[in-house]
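Spelled out, the chains give:
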Amino acid sequence: MSKICQITGKKAMVGNNVSHSKRRTKRRFNVNLFTKKFFWAEQNCWISLRLSAAAIRTINRIGLDAALRKAASKGYLNA
């Protein structure tokens, strides 16, 4: 399973580890992902989503149904 948030579309970035001598080596910045289950009241079912911490805060702020509609319109939700 890929490390991509299903609501915000965040994915791992690539950057550099910089040592004390300024030598640069490649590294990955992974997303803070969680697998979380939500009860979707509009469909009367439980759904399991792979979310970033920012997406969990978004769902708490605007609600699950609005967050799913927004993600589907942007193409992040592959359902």
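That block above? That's the structure.
All values reported here derive from a predicted model rather than from experimental measurement.

Topic: the nonpolar core
Soluble globular proteins tend to bury their nonpolar side chains together. By size, the foremost hydrophobic cluster in this structure holds 16 residues, and its most contacted members are Ile7, Leu49, Leu51 and Leu64. Sorting the residues of this core by element identifies strand S3 (33–40), strand S4 (45–52), helix H1 (53–62) and helix H2 (64–74) as the ones contributing at least two each.

Some details on the side chain of Thr58
Tracing the backbone through its elements, the reader meets Thr58 in helix H1. Since its relative accessible area comes to 15%, Thr58 is described here as buried. For Thr58, the side chain forms a polar contact with the main-chain oxygen of Ala54, separated by 2.9 Å.

Considerations on the packing of aromatic side chains
In the structure shown here, the tally under the stated rule is one aromatic pair. Taken together, a centroid distance of 5.4 Å and an interplanar angle of 65° make the contact between Phe39 and Trp46 edge-to-face. Positioned above the aromatic ring of Phe29 is the side chain of Arg27, whose terminal nitrogen or guanidinium carbon lies 3.9 Å from the ring centre. Positioned above the aromatic ring of Phe38 is the side chain of Lys36, whose terminal nitrogen or guanidinium carbon lies 5.5 Å from the ring centre.

Overview of the pairing of S3
Here S3 runs beside S4; their pairing, made up of eight bridges, is antiparallel. Each residue of the ladder has a partner; that of Phe39, found in S4, is Trp46. If you look at the hairpin formed by S3 and S4, you'll find four residues sitting between the two strands, and Asn44 has a positive phi there, around 55°.

A look at unusual backbone geometry
Residues other than glycine seldom take positive phi values, yet Lys22 does so here, at roughly 70°. Along the chain, the position of Lys22 falls in the loop between strand S1 (13–18) and strand S2 (24–29). In this structure, Asn44 takes a positive phi of about 55° despite not being glycine. Its place among the elements puts Asn44 in the loop between S3 and S4. Overall, Asn44 belongs to the exposed group, its relative accessible area being 60%.

Remarks on H2
Of all the residues in H2, the buried ones are Leu64, Asp65, Ala67, Leu68 and Ala71. Angularly, the buried residues of H2 cover 165° about the axis, an arc narrow enough to put them on a single face. Those residues of H2 that are exposed and angled more than 90 degrees off the buried face are Arg69, Ser73 and Lys74. Along its buried surface, H2 packs onto S3, S4 and H1.

What counts, and at which threshold
- Residues numbered from 1 in each chain as written.
- Predicted model: local features only at pLDDT ≥ 70, side-chain atom pairs only at ≥ 80, totals over all residues.
- Heavy atoms only, no water.
- Core = buried A, V, L, I, M, F, W, Y, C linked by side-chain atoms within 4.5 Å.
- Buried < 20%, exposed > 50% of the residue type's maximum accessible area, 1.4 Å probe, protein only.
- Helix = DSSP H or I, 4+ residues; strand = E, 2+ residues; numbered from the N terminus.
- Polar contact = N/O pair within 3.5 Å; in protein donor to acceptor, adjacent residues only side chain to side chain.
- Phe/Tyr/Trp six-rings, centres within 6.5 Å; stacked < 30°, edge-to-face > 60°.
- Lys NZ or Arg CZ within 6 Å of the ring centre and 35° of its normal.
- Pairing = 2+ DSSP bridges.
- Arc of directions from axis to C-beta.
- Contact = heavy atoms within 4.5 Å.

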